[in-house]
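# Structural characterization, general
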Amino acid sequence: MNNETYAERIRVRGLVQGVGFRPTVWNLANRCKLSGAVWNDAEGVLIDAVGSQSSIDRLVQLIEQQPPPLAKIDVIERQPLALAGRADYIGFEIVKSRGGEVLTGIVPDAATCDACLQDINDPQNRRYRYPFTNCTHCGPRLSIVRAIPYDRATTSMAVFQQCESCLTEYRDPADRRFHAQPNACPVCGPRVWLEDAAGISLTDAVGNEPITHAIRLLQSGAILAIKGIGGIHLACDAGNEQAVTTLRRRKQRYHKAFALMAADIVMVRHYAEVSEQEARLLESIAAPIVILQQRGDATLASAIAPGQNSLGFMLPYTPLHHLLMQGLQRPIVLTSGNISDEPQVIANDVAHVQLSGIADYWLLHDREIVNRLDDSVVRVMDGEARMVRRARGYAPAPITLPTTFASVPPILALGGELKNTFCLMKGNKAILSQHMGDLENGATIKEYHRSLALYRQLFQQDPSTVVVDHHPNYLSTQWGQQMAEEFEIHLERVQHHHAHIASCMAEHGCELEQADVLGIALDGLGMGEEGALWGGEFLRVNYRSFQRLGYFKPTAMLGGAKAMYEPWRNTLAYLFSEFSWENLTRDYADLNIIQFLNSKPITNLQQMFERQLNSPLASSCGRLFDAVAAAIGICRDQASHEGQAAIELEALVGRDQFEALGPGYGYQSTLNDGQYLLSWRPLWQALLDDLQQSVAPAVIAAKFHKGLITAVSETALNLCRQQNLDTVVLSGGVFQNRLLLEGVSQRLREQALTVLSPRLLPANDGGLSLGQAVVAAARQLHRVN
């Protein structure tokens, strides 16, 4: 009976386009002696298979077991087909893509595979030292795509007509470059060249090896603008102190750490500690920047990561990078090509304008970057890889949600103000944009609108609901309101910290009717209820709603937004809040911090504090970090970027010292209208006493972290007992502090609680849009039901 001829239509959903899925099916179908066809459409891949039932079963089994390296299969659906019109198939063929409603995904850009690396290093290969070598297993995807289905005609490779040799590969299902849309070679593909600051090409002077000349320039101390896969970077020799310092000055990036690229893991290990888990991340197809512990004997320029004990390393992820690093004996700085805080430059002509005065030379190419992609950043904390910035290599891979969300109509969530991403949700699939940046910047705003329009085109999404943050002054909130009015669609507002917790629940697969959790959201700022500013929150949470159970004592932000970049203002506000300034200046007159604060207009500042003039109260954990940092001399007068003081405060603490330390600073916990109120007078009293006794800043920083871990953990345990909760969700940007995340998580797990914290998405506002989307979806489903 198994030898009878059957026909089936097989639907494969997931990330199955642009990854060599059709040639894989072609090869497997021929192995199974089946006739039929395979093609791409807007929902993924469709297969018509004709043959014996056992052979068709075998094909499906092989597809599940042997998919292409970059593919991710969500589901395989099968249905019988009438034989009429299909029994005439002659062999098995790959047919042209077909359109329709877009339900499939686009694969993220992938680091160069081993086979392509062998090609560029083989003198006998026609792609020897060709910097745009790729195949279906690696190379650009999102960075070059304009629409789907993903075919060459819908990418920036459309302008490069393939030569006969490339076409032969492209048309051969047995070749790994079969339908590799960016396929190219030196004869027909993109080219790379080197220019000086005047825009004069140096390629003729150096023959066909501009990369070799670029290597010599880097070794001589020059700063190069290098066009990569998702943007243009600025590069210099990481061991050249003068070059790194010059780059900082020209780029106006005075303190924020620079990313580094090394040739291989061996080179990385000369400068940083690398675990096996971290090595796998570095060598993965996503090739992110991985934050590593710096070795004590590292000999790189001190200006790479001032005030930090970690280094962010990545490995080459394009052939151009591989060829560049093969000629260098130590790492290079590879930082985004921009003036500090602006979007990374992607176009050659724009680079010459915006990077003029920063770069000495330009190593450019003529493959257009359609979608800007920053390098992703990952850090291993509490035993797992955790996203700090999600972009190249990860976006726009969808987040699969529980099937209870499957009936949700399209939702567009617009994210927050800082570290923005947006989210397109349809059913139980959520597609987050790459990291967009801070919407306070005009150039980022323009890029945000362009990317949002492109994503809606790529995924053909027509939302029925648009979701925004509660904060009325966020630009994303204002755009959402305008969109809802213009298109007459539903507008949903979601509280900032509720979104943080819901995002983490969603990525962990919590079901729609999940029992309530205790959410602990610690960050810089977010709009709470009745216009209050929150940032140190203990919440009872489900997808639809939340209840505030506890919070940090609200403290004035002296000068409003200035307090975010002048940490001393937070120190002064905490001291005003807990002590008499007259007593402080009497008892601690010799302390440097008191003398520093007395140099400020204290009388005016006291009046601002007492009358709450431009000094809104905020329960912000981030501002507490700033206050402690400034008190011990870290970024006291000014922080050049968000989180700088907190990052340097964490870096001051040695792991061995921290583990050996006894109890940290104390706190007070009282009930206020039935909610826990955590205040910090014991902390500040002990800290001032330690300063008076000349206790080392590193010890003070360690005692602060220890005390905060105790305060958060004890409050969480008390609330879980009282509220009968068994799961705690930790989120918000402060939980990107390794000491805090690991310390709190360990304490809670020791009490048999389940602890969830972000992994796939950042704990900072980069994950906010997913939380907004799932909250809106849950409310919508509740209204319908």
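The following refers to the structure shown.

### Details of the overall build of the protein
- If you tally the helices and strands in the protein, you get 24 helices and 31 strands.
- Overall, the C-alpha framework of the protein stretches about 95 × 70 × 50 Å when taken along its three principal axes.
- For the protein, with 785 residues in total, the buried portion stands at 61%.
- Here the analysis covers contacts within the protein between residues at least 6 apart in sequence; of these, 73% occur between residues at least 24 apart.
- Looking at the protein as shown, the accessible area adds up to about 29,700 Å², and 47% of this sits on carbon and sulfur atoms.
- Taking the average location of the 70 positive side-chain charges in the protein and that of its 82 negative ones, the two points are 2 Å from each other.

### Section: helix α11 (residues 442–458)
- Here α11 contains 17 residues, and its C-alpha end-to-end distance of 25 Å stays within 8% of the 24 Å for a straight helix at 1.5 Å per residue.
- For α11, the full list of buried residues reads T444, I445, E447, Y448, S451, L452, L454, Y455 and L458.
- For α11, the elements touching its buried residues are β18 (411–413), β19 (423–426), β20 (429–432) and α12 (475–487).
- Two to three positions downstream of the cap, the backbone nitrogen of A443 sits 2.9 Å from a side-chain oxygen, assigning the N-cap of α11 to N441.
- Positive phi shows up at Q460, right after α11, with a value of about 45°.

### Things to note about the packing of aromatic side chains
- With the rule as written, the count across this model stands at 14 aromatic pairs.
- Centroid distance F422 to Y448: 5.8 Å. Interplanar angle 90°. Geometry classified as edge-to-face. Of this pair, F422 sits in the loop between β18 and β19 while Y448 sits in helix α11; the two residues are 26 residues apart in sequence, bridging distant segments of the chain.
- Through a chain of ring-to-ring contacts, the aromatic side chains of F422, Y448, Y455, F459 and W479 assemble into a single cluster.
- The ring of F258 carries R248 above its face, with NZ or CZ at 4.1 Å from the centroid.
- Positioned above the aromatic ring of Y551, the side-chain terminus of R548 is 3.9 Å from the ring centre.

### Considerations on the sheet that holds β20
- In spatial order, the strands read β17-β20-β19-β18-β21-β22; together these six strands make up an open sheet with mixed pairing. Each of the sheet's edge strands pairs with one partner strand only, and the pair in question is β17 (399–400) and β22 (490–494).
- Where strand β21 (residues 465–469) lies against β22, five bridges are found, and the strand directions are parallel. Bridge pairing in β22 links V466 to L491.

### Side note on helix α9 (residues 319–326)
- A large share of α9 lies buried, amounting to seven of its eight residues.
- Turning to α9, its buried residues are P319, L320, H321, H322, L323, L324 and M325.

### Quick notes on the side chain of K706
- Residue position: K706 is located in helix α22 (residues 697–723).
- Buried charge K706 goes without a salt bridge, the closest partner of opposite sign being E659 at 8.7 Å.

### Focus on the sheet that holds strand β2 (residues 35–41)
- Taken in spatial order, the five strands line up as β4-β1-β3-β2-β5 in an open sheet, and their pairing is mixed. Looking along the sheet, the strands with just one partner apiece sit at the ends: β4 (72–80) and β5 (92–94). Adjacent strand axes in the sheet meet at a mean angle of 15°, parallel and antiparallel pairs treated alike.
- As paired strands, strand β1 (residues 6–15) and strand β3 (residues 44–51) are joined by seven bridges and run antiparallel to one another. Bridge assignment links R11 to a residue of β3, and that residue is L46.
- Most of the contacts of helix α1 (residues 21–31) go to β5, to which it runs at about 175°, and overall it touches β1, β2, β3, β4 and β5.

### Brief notes about the state of the cysteines
- This structure, assessed with the given rule, holds zero disulfides.
- Cysteine C138 is unpaired, with the sulfur of C113 as its nearest cysteine sulfur at 3.7 Å.
- Free of any disulfide, C423 has its nearest neighbouring cysteine sulfur in C504, separated by 15 Å.
- Accessibility expressed as a relative area gives 0% for C423, which makes it buried.

### Focus on the pattern of salt bridges
- In this structure the tally under the stated criterion is 41 salt bridges.
- Here D237 makes a salt bridge to R330, at a shortest N to O gap of 2.8 Å. With D237 in strand β8 (residues 232–237) and R330 in the loop between α9 and β13 (332–336), this pair connects stretches of sequence that are 93 residues apart.
- Classification of D237 by relative accessible area gives buried; the value is 8%.
- Measuring nitrogen to oxygen at the nearest pair gives 3.4 Å for the salt bridge that ties D637 to K600.

### Re the packing of helix α18 (residues 621–631) against helix α19 (residues 644–651)
- α19 packs onto α18 with a crossing angle of 60° between their chain directions and a minimal axis gap of 8 Å. In the packing of α18 onto α19, the handedness of the crossing is left-handed. Across from F625, D626, V628 and A629 in α18, the residues of α19 making contact are A645, A646 and L649.
- The residue inventory of the contact of α18 with α19, partitioned by class, reads six nonpolar, no polar and one charged.

### Quick notes on the packing of helix α14 (residues 568–578) against helix α17 (residues 602–611)
- Across the interface, α14 lies against α17 with an axial gap of 11 Å and an inter-helix angle of 65°. Considering the angle they form, α14 stands roughly perpendicular to α17. Here the hand of the crossing between α14 and α17 comes out right-handed. Touching W568, R569, L572, A573, F576 and S577 of α14 are I602, L605, Q606 and F609, all from α17.
- Its residues assigned to classes, the contact of α14 with α17 comprises seven nonpolar, two polar and one charged.

### Focus: the environment of L315
- Tracing the backbone through its elements, the reader meets L315 in the loop between β12 (310–314) and α9.
- Here the alpha-carbon distance between L315 and L768, two residues 453 residues apart in the chain, equals 29 Å.
- In contact with L315, not counting residues within four places along its chain, are M261, A262, A263, D264, I265, V268, L282 and E283.

### Quick look at the nonpolar core
- By size, the foremost hydrophobic cluster in this structure holds 109 residues, and its most contacted members are V268, L282, I304, F313, I332, V333 and L355.
- Here the element with the most residues in this core is α11; it accounts for six residues.
- M381, L518, A702 and V728 belong to the second-largest nonpolar core, a separate cluster that totals 74 residues.

### Quick notes on unusual backbone geometry
- Cis geometry marks the peptide bond from A395 to P396; its omega dihedral reads 5°.
- Assignment of secondary structure puts P396 in the loop between β16 (384–389) and β17.
- Although it is not a glycine, K33 adopts a positive phi angle of roughly 60°.
- Positionally, K33 belongs in the loop between α1 and β2.
- For K33, a relative accessible area of 73% gives the class exposed.
- The backbone of C635 sits at a positive phi, close to 50°, despite the residue not being glycine.
- Within the secondary structure layout, C635 lies in the loop between α18 and α19.
- Classification of C635 by relative accessible area gives buried; the value is 12%.

### A few points about the pairing of β13
- Within β13, five of the five residues are buried, which leaves it mostly tucked inside the rest of the structure.
- Across two bridges, strand β9 (residues 259–261) lies against β13 in antiparallel orientation. Bridging from a neighbouring strand, L260 pairs with V333 of β13.

### Looking at the environment of R738
- Residue position: R738 is located in helix α23 (residues 738–749).
- Along the sequence, R738 and A651 sit 87 residues apart, while their C-alpha atoms lie 9.9 Å from each other.

Basis of the calculations
Residues numbered from 1 in each chain as written. Predicted model: local features only at pLDDT ≥ 70, side-chain atom pairs only at ≥ 80, totals over all residues. Heavy atoms only, no water. Helix = DSSP H or I, 4+ residues; strand = E, 2+ residues; numbered from the N terminus. Buried < 20%, exposed > 50% of the residue type's maximum accessible area, 1.4 Å probe, protein only. Contact = heavy atoms within 4.5 Å. Areas by Shrake-Rupley, 256 points an atom, 1.4 Å probe, with all protein chains shown as cover. Lys, Arg positive; Asp, Glu negative; His and termini not counted. Charge placed at Lys NZ, Arg CZ, Asp CG, Glu CD. Expected span 1.5 Å × (residues − 1). Polar contact = N/O pair within 3.5 Å; in protein donor to acceptor, adjacent residues only side chain to side chain. Phe/Tyr/Trp six-rings, centres within 6.5 Å; stacked < 30°, edge-to-face > 60°. Lys NZ or Arg CZ within 6 Å of the ring centre and 35° of its normal. Pairing = 2+ DSSP bridges. Salt bridge = Lys/Arg side-chain N within 4 Å of Asp/Glu carboxyl O. Axes fitted to C-alpha atoms, helices over the stretch in contact; angles between N-to-C directions. Disulfide = S-S within 2.5 Å. Left-handed = near helix turned anticlockwise from the far one by under 90°. Nonpolar A, V, L, I, M, F, W, Y, C, P; charged D, E, K, R; others polar. Parallel < 35°, antiparallel > 145°, perpendicular 65-115°, else oblique. Core = buried A, V, L, I, M, F, W, Y, C linked by side-chain atoms within 4.5 Å.

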